[in-house]
Amino acid sequence: DTEVTQTPKHLVMGMTNKKSLKCEQHMGHRAMYWYKQKAKKPPELMFVYSYEKLSINESVPSRFSPECPNSSLLNLHLHALQPEDSALYLCASSQGPWASPNFGPGTRLLVL
Amino acid sequence: EDQVTQSPEALRLQEGESSSLNCSYTVSGLRGLFWYRQDPGKGPEFLFTLYSAGEEKEKERLKATLTKKESFLHITAPKPEDSATYLCAVQAAETSGSRLTFGEGTQLTVNP
């Protein structure tokens with residue numbers, strides 16, 4: 001298995017909802033990432049987990065809460081989001097922190 | 001601060017018309033330079049990693065080269081399926097390996 005999978009593909013949520021994005025990889029990669037991408041812009045790094053420990057938090061608002069239950073899974077818990085949080089959320093993984101990230105297909109999030 | 005500038009912002013080619021995309025970078029010690037391809041609404045797809053000046057890598061119609069200040073992505077005899085946004089990113093040796101600095105991308109359109 002050489003893919004990063006993400007669910008759901010699309011998500012619409014209200015500003016008072018709580019939802020979670022899920023990411024999975026079975027390549028034995030030890031670094032996993034969350035990126036946010038707005039239209040016509042490059043991906044912006046949000047969080048990095050290295051060996052299942054949070055190693056980078058790019059000053060992301062607390063309404064985004066990452067979780068790494070094990071080496072294959074990465075979640076992003078969402079609560080009280082704002083319309084400006086609407087974006088494509090990308091999960092990625094790499095063999096280690098110095099290797100090139102492999103991206104998943106993304107979750108298209110719309111906050112109403 | 002690490003910076004990546006890609007040019008042109010957009011490029012239209014006729015099928016078979018070869019051209020090059022540019023990625024200029026400023027980084028405090030380059031660890032690696034990455035090229036990705038991204039189709040609309042999808043996650044970036046990894047193409048190449050370059051580590052040192054003079055290095056070249058090829059894949060089908062694409063060839064990436066690296067100097068101390070810039071990288072080029074040469075596209076030979078492009079086909080319509082090469083239409084995508086091409087992203088360049090750098091990884092600095094002195095920062096956390098997990099952190100990439102992306103350029104804004106070049107949107108390539110290849111007309112049949």
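Located above this text is the structure these notes cover.
Computed from a predicted structure; not experimentally measured. (Residues numbered from 1 in each chain as written. Chains lettered and ligands numbered in written order. Predicted model: local features only at pLDDT ≥ 70, side-chain atom pairs only at ≥ 80, totals over all residues. Heavy atoms only, no water.)

A. How the structure looks around the sheet that holds strand E7 (residues 62-66) of chain B. All names here are of chain B. Across the sheet, 5 strands lie side by side as E1-E3-E8-E7-E6; this open sheet has antiparallel pairing. Since the sheet does not close on itself, it has two edges, and those belong to strand E1 (3-7) and strand E6 (56-59), each with one partner. If you compare each strand with its neighbour and ignore which way they point, the axes differ by 15 degrees on average. Bridge analysis of E6 against E7 gives 4 bridges, and the strand direction is antiparallel. By the bridge assignment for E7, glutamate 56 is matched with threonine 65. (Pairing = 2+ DSSP bridges. Helix = DSSP H or I, 4+ residues; strand = E, 2+ residues; numbered from the N terminus. Axes fitted to C-alpha atoms, helices over the stretch in contact; angles between N-to-C directions.)

B. Highlighting the environment of threonine 26 of chain B. Residue and element names in this part refer to chain B. Structurally, threonine 26 can be placed in strand E3 (residues 19-26). Since its relative accessible area comes to 49%, threonine 26 is described here as partly exposed. Expressed as a C-alpha distance, the spacing of threonine 26 and serine 98, which sit 72 residues apart in the sequence, is 18 Å. (Buried < 20%, exposed > 50% of the residue type's maximum accessible area, 1.4 Å probe, protein only.)

C. Local environment of the nonpolar core. In this structure, Leu33, Trp35, Leu73 and Tyr86 of chain B are the most contacted members of the largest nonpolar core, which totals 24 residues. Listed by contribution, the elements that provide at least two residues to this core are strand E2 (10-14), E3, strand E4 (30-38), strand E5 (45-50), E7, strand E8 (70-75), strand E9 (84-92) and strand E11 (106-111) of chain B. Residue contributions to this core peak at 5 residues, all from E9 of chain B. Excluding residues within four positions of it along the chain, leucine 73 of chain B makes contact with Ser19, Ser20, Leu21, Trp35, Phe48, Leu62, Lys63, Ala64 and Tyr86 of chain B. Listed in part, the 22 residues of the second largest apolar core include Cys23, Trp34, Cys91 and Val111 of chain A. (Core = buried A, V, L, I, M, F, W, Y, C linked by side-chain atoms within 4.5 Å. Contact = heavy atoms within 4.5 Å.)

D. Seen up close, the state of the cysteines. In the structure shown here, the tally under the stated rule is 2 disulfides over all chains. With its sulfur 1.9 Å from that of its partner, cysteine 23 of chain A forms a disulfide with cysteine 91 of chain A. Note on the cysteine 23 of chain A and cysteine 91 of chain A pair: the S-S dihedral is about -70 degrees, so by sign convention the disulfide is left-handed. Residue cysteine 23 of chain A is found in strand E3 (residues 18-25), and its partner cysteine 91 of chain A is found in strand E9 (residues 87-94); the two are separated by 68 residues along the sequence. Accessibility classification places cysteine 23 of chain A together with cysteine 91 of chain A in one group, the buried group. At a sulfur-sulfur separation of 2.0 Å, the disulfide partner of cysteine 23 of chain B is cysteine 88 of chain B. Residues cysteine 23 of chain B and cysteine 88 of chain B share a disulfide whose torsion about the S-S bond is about -60 degrees; that sign makes it left-handed. Taken together, the positions of cysteine 23 of chain B in strand E3 and cysteine 88 of chain B in strand E9 put the pair 65 residues apart, joining distant regions of the chain. (Disulfide = S-S within 2.5 Å.)

Remember that the coordinates give geometry; whether it matters functionally is a separate question.
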